[in-house]
Amino acid sequence: MKDMNIHQKLNIFQTSLKVEKGHRNNFGKYNYRNLADIFQAVKPLLSEYGCYLTVSDEIVHIGNSNYVKATVTFGDGSDEISVFGYARESVQKKGMDDSQITGATSSYARKYACNGLFAIDDTADADSMDNRNHVSVLQENTKGTVETVPDNVVKLKRLSNSAHFKGAVTKTGKSISEGVTEWLNKKKRTDAEVLQKYTQLKDLEIGFKNKQNKKEKA
């Protein structure tokens, strides 16, 4: 295990981690997993491989809305990999105070970030097919509402944090992740624009992968 780099360790986590959907949304009639389930499942692997996981939040203002930006960092003491998740705070309180709204939004953003980091596929969950359904889960648990960043935007942000982009910078000297965030913040992007950007970034990632493979074989 000492000879493995951070990416090899993460690969083991991504292929080994099993998180059961131990909760039931009776209204939507589907099972789901929550953030606590992910943390509970990952702890034995963290202990076994001498790794750690940290989670932090910050409030960012995008357009006219406040978003919770969750950062999940996976490390082994020598290197780290971070993934971000975003969720927008609702302006509707419905009996909740500000701290409760932020807490519910934070939980969703953190779960989304963990899903991306550990390659947890929620495609069978109703909340991953339609963000409104995940809001129903939060409403059931907290009696509040949470509006989330569109799934295609989150996928673009995840891709921009690919390990293959490590050390790469844009023409303006920013990281790939920072460049994508800046592009998204300039104006409201259509689904078509985000999809085109994702395709371009995916092609770039493939190019970096090929270069890295050639270096390793040389």
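Structure first, text after, so check above.
Residues numbered from 1 in each chain as written. Predicted model: local features only at pLDDT ≥ 70, side-chain atom pairs only at ≥ 80, totals over all residues. Heavy atoms only, no water.

A. Inspection of the packing of helix H7 (residues 176-186) against helix H8 (residues 191-217) at higher detail. Running from amino to carboxyl end, H7 crosses H8 at an angle of 165°, the nearest separation of the two axes being 12 Å. On the basis of the axis angle, H7 is roughly antiparallel to H8. In terms of crossing hand, the pair formed by H7 and H8 is right-handed. Only Glu 193, Val 194, Lys 197, Leu 201 and Leu 204 of H8 make contact with H7, whose side of the interface consists of Ile 176, Val 180, Trp 183 and Leu 184. Residues that form the contact of H7 with H8 fall into these classes: 7 nonpolar, no polar and 2 charged. (Axes fitted to C-alpha atoms, helices over the stretch in contact; angles between N-to-C directions. Helix = DSSP H or I, 4+ residues; strand = E, 2+ residues; numbered from the N terminus. Parallel < 35°, antiparallel > 145°, perpendicular 65-115°, else oblique. Left-handed = near helix turned anticlockwise from the far one by under 90°. Contact = heavy atoms within 4.5 Å. Nonpolar A, V, L, I, M, F, W, Y, C, P; charged D, E, K, R; others polar.)

B. Spatial organisation of the packing of helix H1 (residues 6-16) against helix H2 (residues 35-49). Contact geometry for H1 and H2: axes closest at 11 Å, N-to-C directions at 150°. In terms of orientation, H1 and H2 fall into the roughly antiparallel class. Helix-helix and strand crossings are classified by hand; for H1 and H2 the assignment is right-handed. Residues Lys 9, Ile 12, Phe 13 and Ser 16 of H1 form the contact with H2, whose participating residues are Val 42, Leu 45, Leu 46 and Tyr 49. The residue makeup of the contact of H1 with H2, split by class, is 6 nonpolar, 1 polar and 1 charged.

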